[in-house]
Every structure is written in structure tokens, then in C-alpha cells.
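What follows is each chain in one-letter form.
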Amino acid sequence: MTRLMRWSGPALLAALLATRAPLEASMLRHMLVQLPLLVLCGALLGPWLRLPPGLARWDFQGLTTFTATAFVTTYWMIPRALEQALYEPLAAGAKFASLLLLGAALPGALRRAHVVVQLFYVANICAMMAIAGMLYRELPQRLCNAYLLDDQTVTGSALVGLALALGIAWCIVNARHFADPPEKL
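Residues numbered from 1 in each chain as written. Predicted model: local features only at pLDDT ≥ 70, side-chain atom pairs only at ≥ 80, totals over all residues. Heavy atoms only, no water.

Visitor: Whenever I open this one, the side chain of E83 confuses me. Can you help?
Guide: The topology assignment puts E83 in helix α7 (residues 79–87). A distance of 3.1 Å separates a polar side-chain atom of E83 from the backbone nitrogen of N145. For E83, the residues in contact, after removing those within four places along its chain, are C144, N145 and A146. (Helix = DSSP H or I, 4+ residues; strand = E, 2+ residues; numbered from the N terminus. Polar contact = N/O pair within 3.5 Å; in protein donor to acceptor, adjacent residues only side chain to side chain. Contact = heavy atoms within 4.5 Å.)

Visitor: What should I look at first to understand helix α6 (residues 63–76) in this one?
Guide: Spacing of three or four residues puts side chains on the same side of an α-helix, whose turn is 3.6 residues. Spanning 14 residues, α6 covers 20 Å between terminal C-alpha atoms, matching the ideal 20 Å at 1.5 Å per step. Burial in α6 covers these residues: T65, F66, T69, V72, T73 and W76. Along the axis of α6, the buried positions cluster into a sector of 125°, meaning they face one direction only. Buried positions along α6 lie against α3 (27–44), α7, α8 (89–112) and α9 (115–138). (Expected span 1.5 Å × (residues − 1). Buried < 20%, exposed > 50% of the residue type's maximum accessible area, 1.4 Å probe, protein only. Arc of directions from axis to C-beta.)

Visitor: What is the right way to look at the nonpolar core in this model?
Guide: The nonpolar side chains of a soluble globular protein tend to be buried with one another. Counting 37 residues, the largest nonpolar core has M27, M31, F66, W76, M77, L99 and L159 as the members making the most contacts within it. Elements with a minimum of two residues in this core: α1 (3–18), α3, α6, α7, α8, α9 and α10 (149–173). Element by element, the count of residues in this core is highest for α9, at 8 residues. Those residues within four positions of F66 in sequence are excluded, and the remaining contacts are Q61, L106, A109, L110, A113, V117, Q118 and Y121. (Core = buried A, V, L, I, M, F, W, Y, C linked by side-chain atoms within 4.5 Å.)

Visitor: Sorry if this is basic, but what is going on with unusual backbone geometry here?
Guide: Of all residues except glycine, most have a negative phi; of all peptide bonds, most are trans. Of note in this structure, Q61 is not a glycine but carries a positive phi near 55°. Secondary-structure assignment places Q61 in the loop between α5 (55–58) and α6. Under the relative-accessibility criterion, Q61 is labelled partly exposed at 22%.

Visitor: What is the right way to read the environment of L40 from this model?
Guide: With respect to the secondary-structure elements, L40 resides in helix α3. Classification of L40 as partly exposed rests on a relative accessible area of 42%. It is 9.7 Å that separates the C-alpha atoms of L40 and L13, two residues lying 27 residues apart in sequence.

Visitor: Can you walk me through the packing of α7 against α8 in this structure?
Guide: Packed helices, taken two at a time, are described by the angle their axes make and the gap between the axes. Where α7 contacts α8, the axes come no closer than 5 Å and their chain directions differ by 115°. By the angle between their axes, α7 is roughly perpendicular relative to α8. Our pair here, α7 against α8, has a crossing hand that is left-handed. Here Q84, A85 and Y87 of α7 come into contact with α8, specifically with P89, A91, A92 and K95. The residue makeup of the contact of α7 with α8, split by class, is 5 nonpolar, 1 polar and 1 charged. (Axes fitted to C-alpha atoms, helices over the stretch in contact; angles between N-to-C directions. Parallel < 35°, antiparallel > 145°, perpendicular 65-115°, else oblique. Left-handed = near helix turned anticlockwise from the far one by under 90°. Nonpolar A, V, L, I, M, F, W, Y, C, P; charged D, E, K, R; others polar.)

Visitor: Which parts of the structure should I look at to understand the packing of aromatic side chains?
Guide: For any pair of aromatic rings, the description consists of the separation of the ring centres together with the inter-plane angle of the planes. Across all of its chains, the model carries 3 aromatic pairs by this definition. On the basis of an interplanar angle of 85° and a centroid distance of 5.2 Å, the ring pair of F120 and Y121 is categorised as edge-to-face. We classify Y121 as buried; its relative accessible area is 14%. (Phe/Tyr/Trp six-rings, centres within 6.5 Å; stacked < 30°, edge-to-face > 60°.)

Visitor: Hey, could you run me through the packing of α3 against α8 in this one?
Guide: Where α3 contacts α8, the two axes come as close as 6 Å, and the packing angle between them is 50°. With respect to α8, the axis of α3 lies oblique. Regarding α3 and α8, the two cross each other, and that crossing is right-handed. Across the interface between the two elements, H30, Q34, L35, L38, V39, C41, G42 and A43 of α3 pack against K95, F96, L99, L100, L102, G103, A104, L106 and P107 of α8. Split by residue class, the contact of α3 with α8 holds 12 nonpolar, 4 polar and 1 charged.

Structure, rendered in C-alpha cells:
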């Protein structure tokens, strides 16, 4: 591992902590910049976090990690949870800890999981993100008191776009698994 890669996780975490206020000032930046960057930071911090060596035994085909991913992403898409993370230090700590640990566990789960298991969870998470985004965009009332209705609408549209982009990206990366095998003559 290069020295740059080794220190990129702590550097990203420091940057996220330093820019916390501006990132959380907008619902869009909070949900679609800070939260994914915390997961990425967790993945980069993997060598520093030292997950238990027996984790793979409890994470057959990545099922435990993917289920945790579904729960954690669902929770942080709830407007009230975002609002609590803004004003309650315990909730903010839980946000950082849950997303960092999730990011640390995901690379191993992706290596262990069969492509069909990955597809099941990616499709479910993308569908959930798209539905939440449509709700944010279409509901006439503010769902989160910390953010304006216009910010909620823009975030909803971006969440739908991110769900589509994530699904398409996963399909492109894994297209080789779904290609027809060459016919034998």
C-alpha cells in the first residue's frame, strides 16, 4: 500500500470534520456529499480500524454487511435523523461512527458476495433512494425543519439521480458476470 493511500483515510476524515458546518448547511450537501464521503472514508480507514478477524465468518456472502447497509442508509435518509445529527452531539457521533464502520466493512463484503447477492441489495437500496427522492421532491410540506422546502426538492431530484447513477455504475462494473458465455462449436 502506498504511503499516499495509507494516509488518505485520516486526511479525508480530518477534511470532513473541518468542513462539517458548510456540508451540513444544505440538505443536498449533507445527504449526497458528506454521507457518501463518510462511507468512502471508512473504506479508506479500513487498515486503521482493524475490524475483527472473525468478521468474515459472521458475514457469509456479505449478507450481514449488506443488511446493515440497508438499515444504515435507510436511517440516514429519514429527515428527522438528519435533523438530530445537526443539533444533538450523540446523533452526530452515531452518524459518523455508523457510516465509517459501514465503509470499513463494505470492501470485504463485496469481495465475499456473489454477484446475485450484490444485485439484490444494490437494487433494493437504489429503489429506496429513488422513492425517498421522489417523496422529498413531490411532497408540498417540509420534512426537515432544518432545511428549506426548495433545498428538499433539489435534494429529492439529486437522490433520484444518484440512485440511477449507482445502479448504472454497478451494472457497468459487473456486466461481465451477465454476458452470455461463448458458444462452443
